[in-house]
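The lines below spell out each chain.
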Amino acid sequence: GAGVSQTPSNKVTEKGKYVELRCDPISGHTALYWYRQSLGQGPEFLIYFQGTGAADDSGLPNDRFFAVRPEGSVSTLKIQRTERGDSAVYLCASSFRGGAGYEQYFGPGTRLTVT
Amino acid sequence: ILNVEQSPQSLHVQEGDSTNFTCSFPSSNFYALHWYRWETAKSPEALFVMTLNGDEKKKGRISATLNTKEGYSYLYIKGSQPEDSATYLCAFYPLIQGAQKLVFGQGTRLTINP
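The structure contained in this document is the topic of the report that follows. (Residues numbered from 1 in each chain as written. Chains lettered and ligands numbered in written order. Predicted model: local features only at pLDDT ≥ 70, side-chain atom pairs only at ≥ 80, totals over all residues. Heavy atoms only, no water.)

### A closer look at the layout of surface pockets
Our working rule: A pocket here means an open set of points on a 1 Å grid, computed over the protein atoms alone, that has protein on both sides within 12 Å along at least five of seven lines. A cavity is instead a set of points where a 1.4 Å probe fits but cannot get out; residues with an atom within 4 Å of a point line either one. Grid points are joined across faces, edges and corners, and a volume is the space filled by probe spheres set on the points. Secondary structure is summarised from DSSP: a helix means a run of H or I of at least four residues, a strand means a run of E of at least two, and numbering begins at the N terminus for each. Each residue is assigned to one of three groups, with Ala, Val, Leu, Ile, Met, Phe, Trp, Tyr, Cys and Pro labelled nonpolar, Asp, Glu, Lys and Arg labelled charged, and all others, Gly among them, labelled polar.
Roughly 840 Å³ of internal volume is contained in the largest pocket. The wall of the largest pocket is formed by 32 residues, among which Gln37(A), Arg111(A), Trp38(B), Thr87(B) and Arg109(B) lie closest to the centre. Those elements giving two or more residues to the lining of the largest pocket turn out to be β9 (88–95) and β11 (110–114) of chain A together with β9 (86–94) and β11 (108–113) of chain B. Tallying contributions element by element places β11(A) first for the lining of the largest pocket, with four residues. A class-by-class count of the residues in the lining of the largest pocket yields ten nonpolar, 18 polar and four charged. In this structure, the second largest pocket encloses a volume near 340 Å³. Lining the second largest pocket we find 20 residues, and of these Pro43(A), Glu44(A), Phe45(A), Val103(B) and Phe104(B) sit closest to its centre. Sorting the residues of the lining of the second largest pocket by element identifies β4 (31–37) and β5 (44–50) of chain A together with β10 (103–104) of chain B as the ones contributing at least two each. For the lining of the second largest pocket, the per-class residue count stands at seven nonpolar, nine polar and four charged.

### Examining the interface of chain B and chain A
As a reminder of what qualifies: Contact criterion: two residues are considered in contact whenever any of their non-hydrogen atoms come within 4.5 Å of each other. Two parts placed together each lose some accessible area under a 1.4 Å probe, and adding up what both lose gives the buried area.
Taken residue by residue, the interface counts 19 residues in chain B and 22 residues in chain A. By the criterion of area lost to chain A, the three top residues of chain B are Trp38(B), Gln100(B) and Phe104(B), representing 30% of everything that side buries. Of all the secondary structure elements, the ones that give two or more residues to the side of chain B that touches chain A are β4 (30–38), β5 (45–50) and β9 of chain B. It is β4(B) that contributes the most residues to the side of chain B that touches chain A, five residues altogether.

### What to know about the sheet that holds strand β7 (residues 65–68) of chain A
All names here are of chain A. Applied cut-off: We call two strands paired when DSSP finds no fewer than two bridges between them. Structural elements are reduced to axes, namely lines fitted to C-alpha atoms, with helices fitted over the stretch in contact, and the angle between N-to-C directions of any two is expressed from 0 to 180 degrees.
One open sheet holds the four strands; their spatial order is β1-β3-β8-β7, and the pairing between them is antiparallel. Edge positions in the open sheet fall to β1 (5–7) and β7, since each of these has one partner strand only. With direction set aside, neighbouring strand axes in the sheet form an average angle of 15°. Of the pairings in the sheet, the one linking β1 to strand β3 (residues 19–24) comprises three bridges and is antiparallel in character. Among the inter-strand pairings, Gln-6 is bridged to a residue of β3, identified as Cys-23.

### Overview of the packing of aromatic side chains
Condition: In summary, the pairing rule links any two rings of Phe, Tyr or Trp, Trp by its six-membered ring, whose centres are within 6.5 Å, and it sorts them by plane angle into stacked for under 30 degrees, edge-to-face for over 60 and tilted for everything else. Residue exposure (1.4 Å probe, protein chains only): buried if accessible area is under 20% of the type maximum, exposed if over 50%, otherwise partly exposed.
Counted under the stated rule, the structure contains 17 aromatic pairs over all chains. Consider the rings of Tyr35(A) and Phe45(A), whose centres lie 6.2 Å apart with planes at 75°: the pair is edge-to-face. Taken together, the positions of Tyr35(A) in strand β4 and Phe45(A) in strand β5 put the pair ten residues apart, joining distant regions of the chain. Here the two residues Tyr35(A) and Phe45(A) agree in accessibility, since each one is buried. An aromatic cluster of three or more residues is present, and its members are Tyr33(A), Tyr35(A), Phe45(A), Tyr48(A), Phe106(A), Tyr36(B) and Phe104(B).

### What about the sheet that holds strand β8 (residues 72–77) of chain B?
All names here are of chain B. Pairing in this open sheet of five strands is antiparallel, and the strands run β1-β3-β8-β7-β6 from one edge to the other. The sheet terminates laterally at β1 (5–7) and β6 (56–59), the two strands that pair on one side only. On average, each strand axis in the sheet is tilted by 15° relative to the strand beside it, whichever way the strands run. In terms of strand pairing, strand β3 (residues 19–24) meets β8 through six bridges, oriented antiparallel. Looking at β8, one finds that Ser-24 is bridged to Tyr-72.

### Remarks on the environment of Phe104(B)
By the element assignment, Phe104(B) lies in strand β10. Placed 71 residues apart in sequence, Phe104(B) and Leu33(B) show a C-alpha to C-alpha distance of 9.7 Å. Once you skip the residues sitting within four places of it in the chain, Phe104(B) turns out to touch Tyr35(A), Gly42(A), Pro43(A), Phe106(A), Val4(B), Tyr36(B), Leu89(B), Cys90(B) and Ala91(B).

### Considerations on the pattern of salt bridges
Rules: Basic side-chain nitrogens of Lys or Arg form a salt bridge, by our definition, when they fall within 4 Å of a carboxyl oxygen of Asp or Glu.
Throughout the structure, instances matching the rule amount to seven salt bridges over all chains. Arg36(A) is the partner of Glu44(A) in a salt bridge, and the nearest nitrogen-oxygen pair spans 3.6 Å. Classification of Glu44(A) by relative accessible area gives partly exposed; the value is 38%. Across the salt bridge formed by Asp84(B) and Arg61(B), the nearest N and O atoms sit 2.8 Å from each other. You can see Asp84(B) sitting in the loop between β8 and β9 and its partner Arg61(B) sitting in the loop between β6 and β7 (62–67), a full 23 residues away along the chain. Taken together, the salt bridges that share partners define one network made up of Arg64(A), Glu83(A) and Asp86(A).

What follows is the structure in structure tokens.
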């Protein structure tokens, strides 16, 4: 079946602008995660959704970052007043259920460049 | 601070040789350890999810072991092939109330030389 998809694959924006990144998880997966990967680093956790609710948002770096999953499927990561330091690959992953024992299925990522 | 270290950071191996690399993680608050393979221009792909001390898992030529008491996991690749070239990520899932997240290492970048 279809895997996790993310759009756009690349996004270039100017400093100070607002961006939205979209994630379509695997159908039937209740858990959805957002990560950010900077050059030379491993993915860094941002937020976890179980269904429609954010069960752990401890990784969001500041209040410019916000994510929603209104119907428990598609999720949107929103970044306000972008800064050059926000440039990274943003990865989305889903799993059948939340929790340590379930492998996560990743999308191809959105490469965000803030100029 | 939850710190996950992988070594080496990069590795070049001759085709046909076997290799291994290490993931170190906190030995307290252990819940699970995940291994992922990330090939260039593709999505990270799960290899193993390990939860029990002493666990050994195998998938084809790739295997992994887990020692939760000392906080390390090894990934082994037997008879390396060019298609094994990828970045291998390990991720620690801590048992902390309210936390539902993987903490990733920086990865081991493996290149197989034909």
